[in-house]
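# Close look at the chain arrangement
If you want the building blocks of each chain, they are given just below.
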Amino acid sequence: FSPRVMPELWTADLFAQYFKLLRDNGRMITYSSAYAARGALKECGFEVRKSGPLGAKSGGTIAFKKGQTEIADDQNIFYLSDEEAQRLNTRSGIPYRDENFCANQEQILNRRTAEQKMVN
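Cut-offs used in this document
- Residues numbered from 1 in each chain as written.
- Predicted model: local features only at pLDDT ≥ 70, side-chain atom pairs only at ≥ 80, totals over all residues.
- Heavy atoms only, no water.
- Helix = DSSP H or I, 4+ residues; strand = E, 2+ residues; numbered from the N terminus.
- Rg over C-alpha atoms; globule rule 2.2 N^0.38 Å.
- Buried < 20%, exposed > 50% of the residue type's maximum accessible area, 1.4 Å probe, protein only.
- Polar contact = N/O pair within 3.5 Å; in protein donor to acceptor, adjacent residues only side chain to side chain.
- Core = buried A, V, L, I, M, F, W, Y, C linked by side-chain atoms within 4.5 Å.
- Contact = heavy atoms within 4.5 Å.

## Quick notes on the overall build of the chain
A count of helical and extended segments in the chain gives five helices and four strands. Put simply, the chain runs from its N terminus to its C terminus through helices and strands in the order α-β-α-β-β-α-β-α-α. Its C-alpha atoms give the chain a radius of gyration of 14 Å, within 12% of the compact-globule value 14 Å for 120 residues. Each principal axis of the C-alpha atoms in the chain carries an extent, and together these give about 40 × 30 × 25 Å.

## So, the side chain of R49
Mapped onto the elements of the fold, R49 is located in strand β2 (residues 47-53). Classification of R49 by relative accessible area gives buried; the value is 8%. Within the local environment of R49, its side chain forms a polar contact with the side chain of E47, the two groups lying 3.2 Å apart.

## A few points about the nonpolar core
Counting 19 residues, the largest nonpolar core has F15, M28, L41 and F46 as the members making the most contacts within it. For this core, the secondary structure elements donating two or more residues are α1 (12-21) and α2 (35-43). If we ignore the near neighbours within four places in the chain, the residues touching F15 are L9, W10, M28, A37, A40, L41, C44 and F46.

Taken by themselves, the reported measurements are silent on function.
Rendered as structure tokens:
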């Protein structure tokens, strides 16, 4: 499910747990190119790249721990464009949050909306 439909699975808090569990040479791969998801991954310390198109207009997202040159140099993995990278630092890149892993969909969405309103 997409981040907007099921934000419980796309929170920065959950991604932080994945980061802890991921081996140094591991990677996360998803079809999603949502800025909220990419922003969450970046916030958690992941390097964020994109894949080629996966049956859609844009590619998915590949996240990995810093220092993986074999991933960063792979010809099927691309750096985010300047525009995409800049959008991660805007309201669009604000992640979903659920620090106690008990909020429902509406609470998570409302929390993100409130956080977005605080950004100019």
